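Reading the structure
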Protein chains: 2
Amino acid sequence: MSKIRVGIVGYGNLGKGVQKAIDQNDDVELVAVFTRRSPESMVSEGGEVRFETIANAEQYKGKIDVMILCGGSATDLPEQTPAITALFNTVDSFDTHAKIPEFFDEVNAVAKKAGTLSVISTGWDPGLFSLNRLLSEAILPQGKDYTFWGTGISQGHSDAIRRVPGVKAGVQYTVPVQEVIDRIRSGETPELTTREKHLRNCFVVAEEGANEEEIRNTIVNMPNYFSDYDTTVTFITEEQLKAEHGTMPHGGFVIRSGVTGAGTKQIIEFGLKLESNPEFTASVLVAYARAVFKLSNEGQTGAKTVFDVPFGYLSPKSPEELRRELL
Amino acid sequence: MSKIRVGIVGYGNLGKGVQKAIDQNDDVELVAVFTRRSPESMVSEGGEVRFETIANAEQYKGKIDVMILCGGSATDLPEQTPAITALFNTVDSFDTHAKIPEFFDEVNAVAKKAGTLSVISTGWDPGLFSLNRLLSEAILPQGKDYTFWGTGISQGHSDAIRRVPGVKAGVQYTVPVQEVIDRIRSGETPELTTREKHLRNCFVVAEEGANEEEIRNTIVNMPNYFSDYDTTVTFITEEQLKAEHGTMPHGGFVIRSGVTGAGTKQIIEFGLKLESNPEFTASVLVAYARAVFKLSNEGQTGAKTVFDVPFGYLSPKSPEELRRELL
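What you see as residue numbers is a count from 1 along each chain, following the sequence as written. All chains are assigned letters beginning at A, and all ligands numbers beginning at 1, according to the order in which they are written. Given that this is a predicted model, residues contribute local features only at a pLDDT of at least 70 and side-chain atom pairs are listed and counted only at 80 or more, while totals for whole chains, interfaces and linings are drawn from all residues. Values reported for side chains reflect all heavy atoms of the structure, with hydrogen atoms and water molecules removed beforehand.

Topic: the overall build of chain A
- Looking only at helices and strands, chain A has 11 helices and 14 strands in total.
- Since a compact globule built from 327 residues should have a radius of gyration of about 20 Å, the 22 Å found for chain A is in line with a globular shape.
- A principal-axis box enclosing the C-alpha atoms of chain A has dimensions of 65 × 60 × 35 Å.
- Looking at chain A as a whole, 56% of its 327 residues are labelled buried.
- In chain A, the share of contacts with a sequence separation of at least 24, taken over all contacts with a separation of at least 6, comes to 68%.
- Surface summary for chain A: the accessible area is close to 13,700 Å², and the carbon and sulfur share equals 47%.
- For the purpose of charge, His is not counted, nor are the chain termini; Lys and Arg are scored as positive and Asp and Glu as negative. To locate a charge, the coordinates of NZ of Lys, CZ of Arg, CG of Asp or CD of Glu are taken. Side-chain charges in chain A split into 33 positive and 44 negative, and the spacing between the mean points of these groups amounts to 4 Å. The numbering of helices and of strands both runs from the N terminus, where a helix is a DSSP run of H or I of at least 4 residues and a strand a run of E of at least 2. Throughout, the radius of gyration refers to the C-alpha atoms, and the reference size of a globule is 2.2 Å times the residue count to the power 0.38. Only protein chains enter the accessibility calculation, which uses a 1.4 Å probe. A residue is then buried if its area is under 20% of the maximum for its type, exposed if over 50%, and partly exposed in between. Working rule for contacts: check all heavy atoms of both residues, and any pair within 4.5 Å makes them a contact. Using a 1.4 Å probe, the Shrake-Rupley method yields the accessible areas, and only the shown protein chains count as cover for residues.

Observations concerning the sheet that holds strand β9 (residues 167-176) of chain A
Residue and element names in this part refer to chain A.
- Two strands form a pair only when DSSP identifies at least two bridges running between them. If you trace the 4 strands from one edge of the open sheet to the other, you get β8-β9-β10-β11, paired in mixed fashion. Of all strands in the sheet, those bounded by a partner on one side alone are β8 (152-153) and β11 (230-235).
- Both β8 and β9 contribute to a ladder of 2 bridges, which runs antiparallel. Looking across to β9, one finds that I153 is bridged to Y173.
- Contacting β9, β10 (198-206) and β11, helix α8 (residues 212-220) crosses the sheet at an angle of about 150° to β11. Under this scheme, a helix contributes an axis fitted over its contacting stretch, all axes are lines through C-alpha atoms, and angles between N-to-C directions fall in the 0 to 180 degree range.

A closer look at the packing of aromatic side chains
Residue and element names in this part refer to chain A.
- Two rings from Phe, Tyr or Trp (for Trp, the six-membered ring) form a pair when their centres sit within 6.5 Å of each other. Planes less than 30 degrees apart are called stacked, planes more than 60 degrees apart edge-to-face, and all others tilted. All told, the structure shown has 15 aromatic pairs over all chains when counted by the stated rule.
- Centroid distance W124 to F129: 5.3 Å. Interplanar angle 75°. Geometry classified as edge-to-face.
- Since its relative accessible area comes to 7%, W124 is described here as buried.
- Residue class for F129 comes out buried when judged on its relative accessible area of 0%.

Comments concerning the UniProt feature "domain: Meso-diaminopimelate D-dehydrogenase C-terminal" (unreviewed entry) in chain A
- UniProt positions are given in the numbering used here, feature names are shortened, and annotations may be inferred rather than shown by experiment. Taken from the UniProt record, the annotation "domain: Meso-diaminopimelate D-dehydrogenase C-terminal" (unreviewed entry) applies to residues 123-276 of chain A.
- The span residues 123-276 of chain A is 31% helical and 36% strand by assignment, and the distance between its end C-alpha atoms comes to 13 Å.

Examining the nonpolar core
- Among buried residues, the Ala, Val, Leu, Ile, Met, Phe, Trp, Tyr and Cys ones that are joined through side-chain atoms within 4.5 Å form a nonpolar core. By size, the foremost hydrophobic cluster in this structure holds 143 residues, and its most contacted members are A:F280, A:Y288, B:F280 and B:Y288.
- Looking at this core element by element, the count peaks at 12 residues for helix α10 (residues 277-297) of chain B.
- Every residue in contact with A:F280, bar those within four places of it in the chain, is listed here: A:W124, A:L128, A:L272, A:L274, B:I139, B:L140, B:Q266 and B:I268.

Focus: the pattern of salt bridges
- Here a salt bridge means any side-chain nitrogen of Lys or Arg lying within 4 Å of a carboxyl oxygen belonging to Asp or Glu. One pass over the structure, following the stated rule, counts 35 salt bridges over all chains.
- With a closest N to O distance of 2.7 Å, A:D159 and A:R162 form a salt bridge. With A:D159 and A:R162 both in helix α5 (residues 155-162) and 3 residues apart, the pair spans about one turn of that helix.
- Among the residues examined, A:D159 registers a relative accessible area of 32% and is labelled partly exposed.
- Where B:K20 meets B:E279, a salt bridge forms, and the shortest distance between an N and an O atom there is 3.0 Å. One end of the pair, B:K20, is in helix α1 (residues 13-23); the other, B:E279, is in helix α10, with 259 residues separating them in the sequence.
- By relative accessible area, B:K20 is classed as partly exposed at 25%.
- Judged by relative accessible area, B:E279 falls into the buried class, the value being 10%.
- Within this structure, A:K20, A:E45 and A:E279 form a network of salt bridges that share partners.

So, helix α3 (residues 100-114) of chain B
Residues and elements named next belong to chain B.
- In this model α3 runs 21 Å from its N-terminal to its C-terminal C-alpha over 15 residues, within 8% of the 21 Å that 1.5 Å per residue would give.
- The complete set of buried residues in α3 reads I100, F103, F104, V107 and A111. All buried residues of α3 fall inside an arc of 100° around its axis, so they share one side. Every exposed residue of α3 that faces more than 90 degrees away from the buried side is listed here: E102, K112 and K113.
- Residue G115 follows α3 closely and has a positive phi angle near 75°. One less than the residue count of a helix, multiplied by 1.5 Å, gives the span that helix is expected to have. What the arc measures is the spread of directions leading from the helix axis to the C-beta atoms.

As for empty space enclosed by the protein
- Only protein atoms enter the 1 Å grid used here. Points where a 1.4 Å probe fits but cannot escape make up a cavity, open sets with protein on both sides within 12 Å along at least five of seven lines make up a pocket, and a residue lines them when an atom lies within 4 Å of a point. Grid points are joined across faces, edges and corners, and a volume is the space filled by probe spheres set on the points. Tallying each qualifying case throughout the model produces 1 cavity of 30 Å³ or more.
- As a volume, the largest cavity reaches approximately 40 Å³.
- For the lining of the largest cavity, the elements supplying multiple residues, two or more each, are α4 (128-139) of chain A together with α4 (128-139) of chain B.
- Here the lining of the largest cavity gets 4 residues from one element, more than from any other, and that element is α4(A).
- Gly falls in the polar group here, along with every residue not listed as nonpolar (Ala, Val, Leu, Ile, Met, Phe, Trp, Tyr, Cys, Pro) or charged (Asp, Glu, Lys, Arg). Its residues assigned to classes, the lining of the largest cavity comprises 7 nonpolar, 2 polar and no charged.

Observations regarding the relation of the copies chain B and chain A
- We superpose the copies by least squares over the C-alpha atoms of residues that have a pLDDT of at least 70 in both of them. Expressed as a screw operation, the relation of chain B to chain A combines 0.0 Å of axial shift with a rotation of 180°, fitting to an RMSD of 0.0 Å. Both copies are brought into coincidence by an operation consistent with a two-fold rotation axis.
- With an isologous cut-off of 70% or more, the 100% of interface residues of chain B that recur at the interface of chain A puts this contact in the isologous class.

Re the sheet that holds strand β7 (residues 143-149) of chain B
- Here we have 6 strands laid out as an open sheet, ordered β7(A)-β12(A)-β13(A)-β13(B)-β12(B)-β7(B), and antiparallel in their pairing. Looking along the sheet, the strands with just one partner apiece sit at the ends: β7 (143-149) of chain A together with β7 of chain B. Between one strand axis and the next, the sheet turns by 5° as a mean value, whatever way the strands run.
- Bridge count between strand β12 (residues 250-260) of chain B and strand β13 (residues 264-274) of chain B: 11 bridges; the pairing is antiparallel. Each bridged residue has a counterpart across the sheet, and for B:R256 the counterpart in β13(B) is B:I268.
- In this fold α4(A) packs onto β7, β12 (250-260) and β13 (264-274) of chain A together with β13 of chain B, with an angle of close to 5° to the strand it touches most, β12(A).
- Sheet strands in contact with α4(B) are β13 of chain A together with β7, β12 and β13 of chain B, and its direction is about 5° off that of β12(B).

Structural notes on the packing of helix α2 (residues 76-85) of chain A against helix α3 (residues 100-114) of chain A
Residue and element names in this part refer to chain A.
- At a minimum axis distance of 8 Å, the contact between α2 and α3 shows a crossing angle of 15°. Relative to α3, the element α2 lies roughly parallel. Like other packed secondary-structure pairs, α2 and α3 cross with a definite hand, here right-handed. Counted together, L77, P78, T81, P82 and T85 of α2 and F103, E106, V107, V110, A111 and A114 of α3 form the full contact between these two elements.
- Here the contact of α2 with α3 is built from residues that sort into 8 nonpolar, 2 polar and 1 charged. Oblique is the label for any angle not covered by the other classes, which are roughly parallel (under 35 degrees), roughly antiparallel (over 145) and roughly perpendicular (65 to 115). When the near helix sits turned anticlockwise from the far one by under a right angle, the crossing is termed left-handed; a clockwise turn instead gives a right-handed crossing.

Rendered as structure tokens:
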């Protein structure tokens, strides 16, 4: 059987993760990595990789079945997803929740016109967590659901720390409050404030001579980012930052606590515990790239989300195999 | 908006659960309950219910959008699902894993011929657990997955106890071994024997004068059912059985522990904690009945499983609402 021919756009942590995920999937092959940088300057994470400038993408029409878009949601994807979807089937992990409706409409228009298919906003949140929010709400309409994130690094909050005067480097962990998770698992359905759900733990390298108390105060009182949370600030050395905070763990839980009948308690929980956030997100992208390939082969076009894709399309196995082995 | 018109076939615990679940869903209405017993002898669990003999089902063609089949998998559904699917769209919870492939083929042939749609084998296992096995295997192809059931009553094992001479009544709980679950959650991927995964705890009412040691020995050594497990047998009175073992809790976990990249550990877990197994299964059936209705309205026919149904079809919300509120 011929393999699904995939291109990667963007070669940061996510793009490198996609390359590794492709290596784990026998039915998928990497054709080329597209970058805005000079292809000659690029170094493969492992194995032979063809690097191409993004400007040459069009030359790969007919040679690539699905482009996996690995740029950031702030500035890359709003531009790249429509542009690449005009030429190829695509999958991305656009995660700016508030902008998803307009992003969907734009990509849908482009894809319908080009006859391509794009699954947007995959990954784990949005993505797998969204699926579980939908599923558990549909099954238990009378209930309450909770999403917890972490323990993991929040890029946005880490960036906010690094903008504080006197801060040389830093990283922020979002930490779910175990005690309230235990209460929910035991059947309680508390109303929770922002502060009660997550802690924010910051590890900061101060510039020489900086006032640590001032830095701490600026961080913990920062509106939107930290002032609504219990925040800790720990000052560390650059060596500690490298040695102890160099990986990108993450995860979290979606828990729905509902009732059926006359107050019968029913709890649905989905959880992730990830040693590498980008490698996991990359693995989700590759599974959805497979779905894009299959749906496109059936003649489907336009934008879709995880809500529109039957799980059977994510697997390399045939419907018969899936029914026999996994149902 | 007109409601989805549903019929229930079979009025045991599951059928009664479906009635309660319909009460929680504003877009679904119950038209009638079909039974093999005399309709006059039937008593509603709550609210006005029209009872009909199953022989009159055909008279409801055009008046019912989806029939929810609530019989047992051993003898009811193998007969009822094909028979009713010849007349109506259907959904069932057929759970005899080994027979699913042939059951699917039979229902598919009937449905294709009749122009109806049937989603078979919904519920939570098969059903939600199957979905999670597929999803986690597709995302983490290098890994190992574990399904644990319980703590909950196994009907088959309870029946086996009750067939033992000298046993008047009894109930069997399947109990997952917490210690191995903790090991898996912490990243280990042990090879587990049947005995290491679950315990079987039996609560037995002995007939007067029966030899309790003999009963215990017969149970714990029973092949297929108990001999491969660590089994406890506790003798109780009939009053205790009624007072302490009258509910039907269940649940369990599907955990996949996989690796990405160079041995990066990633864990996906889905879990249920149910105070009532039949009420929860019923709620899943109603959500899939909604999907059957929508898919049928799109002109789809034949047999499907949970693997073929996009989650968006399970919700009463529009695709736009789902993207805005839940993605």
